[in-house]
Amino acid sequence: MSSRRNFIQLTSLGLATAALQVPLPGIAASTTQKKPNLSLGIAGYTFTKIEMASAITMMKRLDVSNLSLKDVYLPLSSSDEKISSVVSQFKQNGINIYTVGVIYMKSKEAVDQAFDYAKKVGVNMIVGVPNYDLLDYAESKVKSTNIRLAIHNHGPEDELYPGPQQVYDRIKDRDPRMGLCLDIGHATRAGVNPARAVKDYKDRLFDLHVKDVTGNTRDAKTIEIGRGVIDFEGFMKALRQVNYKGVCSFEFEKDMQDPLPGLAESMGFFKGTMALI
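Below you will find a few notes about this structure. (Residues numbered from 1 in each chain as written. Predicted model: local features only at pLDDT ≥ 70, side-chain atom pairs only at ≥ 80, totals over all residues. Heavy atoms only, no water.)

## Comments concerning the overall build of the protein
Helix and strand counts for the protein come out as 11 helices and 10 strands. The buried share of the protein, taken over its 277 residues, is 51%. Long-range pairs, those at least 24 residues apart, make up 73% of the contacts in the protein between residues at least 6 apart in sequence. If you sum the accessible surface of the protein, you get close to 13,500 Å²; carbon and sulfur atoms cover 49% of it. (Helix = DSSP H or I, 4+ residues; strand = E, 2+ residues; numbered from the N terminus. Buried < 20%, exposed > 50% of the residue type's maximum accessible area, 1.4 Å probe, protein only. Contact = heavy atoms within 4.5 Å. Areas by Shrake-Rupley, 256 points an atom, 1.4 Å probe, with all protein chains shown as cover.)

Set out below in structure tokens:
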């Protein structure tokens, strides 16, 4: 709690200084060299229990415009007309669908469907989970479509990709358009330090699912960012160091009937930390 209290005090000082435009020793020099903000987004699983119109309203209130589209609003089997309609609704509200997923791929037909779906939605990346025996086939689709595949780690329960290393080891020698969607909460539950993972797998790090968790154990739960065990200062410093260019998509799995308060707190803490590093 002391580190959280110090963070709030530092943020308040920064805001007050900016408002008064009073230069304090050491602050002017650091602000002139401030690095650009990381791109923020929302992972669509956050809105699993929320109607699409409400999700759009929440994103507007949060002032975030990047969305990783989950199939809750647009099933993979949707008609071309349905896809066009849903994509248009998001676009008209200033929301950029930058990827789709998570999509599970347990057969060649499922791989084909995922890539066809991504092409129709108009994105150049899929967040997916292909079975091991389908990696060769998925790679062939990446090559033929020029659509990137970011494989998602799902924690200790996942027999395929519990942590980022299990993804990286299987794609490091494949087409460079095959990479990793690092879920930092699941990685933490699997005993992996997110900052270390960012540095270790930087050359294949395409996307991020950002959350905090209550512990580094299998049974840990999602919690508002800043209340859990993840070192977000260290994590964001690592992102700066590797010059991460992708989106940081918040995935809030707590209070899913009403995720807005938790999302707002999480994004506020994240932005405040980002401003200090």
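## So, the packing of helix α5 (residues 108–121) against helix α6 (residues 135–145)
Relative orientation of the contacting elements α5 and α6 amounts to 25°, with a least axis distance of 10 Å. If you check the angle between α5 and α6, you find them roughly parallel. Here α5 and α6 pass one another in a crossing that is right-handed. On the side of α5, the interface is formed by Lys108, Val111, Asp112 and Phe115, while α6 contributes Tyr137, Ala138, Lys141, Val142 and Thr145. Of the residues contributing to the contact of α5 with α6, the split by class is five nonpolar, one polar and three charged. (Axes fitted to C-alpha atoms, helices over the stretch in contact; angles between N-to-C directions. Parallel < 35°, antiparallel > 145°, perpendicular 65-115°, else oblique. Left-handed = near helix turned anticlockwise from the far one by under 90°. Nonpolar A, V, L, I, M, F, W, Y, C, P; charged D, E, K, R; others polar.)

## Quick look at empty space enclosed by the protein
All chains considered together, the criterion is met by one cavity of 30 Å³ or more. Lining the largest cavity are Val210, Lys211, Asp212, Ile223, Ile225, Phe250, Glu251, Phe252, Leu263 and Ser266. Broken down by class, the residue content of the lining of the largest cavity amounts to six nonpolar, one polar and three charged. (1 Å grid on protein atoms, 1.4 Å probe; cavity = no way out; pocket = protein on both sides within 12 Å on 5 of 7 lines; lining within 4 Å. Points joined across faces, edges and corners; volume = space filled by probe spheres on them.)

## Some words on the sheet that holds strand β6 (residues 178–183)
Judged by pairing direction, the barrel is parallel, and its eight strands sit side by side in the order β1-β2-β3-β4-β5-β6-β7-β10 before closing back on the first. On average, each strand axis in the sheet is tilted by 30° relative to the strand beside it, whichever way the strands run. Across four bridges, strand β1 (residues 39–43) lies against strand β10 (residues 247–250) in parallel orientation. For Ser39, the partnering residue across the bridge sits in β10 and is Val247. Against the sheet, helix α7 (residues 164–171) makes contact with β5 (148–152) and β6, and its axis sits at roughly 175° relative to β6, the strand it touches most. (Pairing = 2+ DSSP bridges.)

## Quick look at the pairing of β5
Within β5, four of the five residues are buried, which leaves the element mostly enclosed by the surrounding structure. Strand direction decides the pairing type here: strand β4 (residues 125–130) and β5, joined by four bridges, are parallel. What sits directly across from Ile126, in β5, is Leu149. Since β5 and β6 lie parallel, the crossover through α7 that links them has a hand, and here it is right-handed. (Right-handed = clockwise from strand over helix to strand, strands pointing away.)

## Quick look at the nonpolar core
Ranked by size, the top nonpolar core spans 86 residues in total, and within it Ile42, Phe90, Ile126, Leu208, Phe232 and Phe270 carry the most contacts. Residues contacting Phe270, with those up to four places away along its chain left out, are Leu38, Leu40, Val210, Phe232, Phe235, Met236, Cys248 and Phe250. (Core = buried A, V, L, I, M, F, W, Y, C linked by side-chain atoms within 4.5 Å.)

## Here we look at the pattern of salt bridges
A full pass over the atoms with the stated rule returns 16 salt bridges. Measuring nitrogen to oxygen at the nearest pair gives 2.8 Å for the salt bridge that ties Lys211 to Asp183. Here Lys211, found in the loop between β7 (205–210) and β8 (212–213), pairs with Asp183, found in strand β6; they are 28 residues apart in sequence, far enough to count as distant. One salt bridge connects Lys237 with Glu233, and the closest N-O pair in it is separated by 3.1 Å. With Lys237 and Glu233 both in helix α10 (residues 232–242) and four residues apart, the pair spans about one turn of that helix. For Lys237, a relative accessible area of 38% translates into the label partly exposed. The exposure class assigned to Glu233 is partly exposed, which follows from its relative accessible area of 42%. What emerges from the salt-bridge pattern is a single network uniting Glu224, Arg227, Lys254, Asp255 and Glu265. (Salt bridge = Lys/Arg side-chain N within 4 Å of Asp/Glu carboxyl O.)

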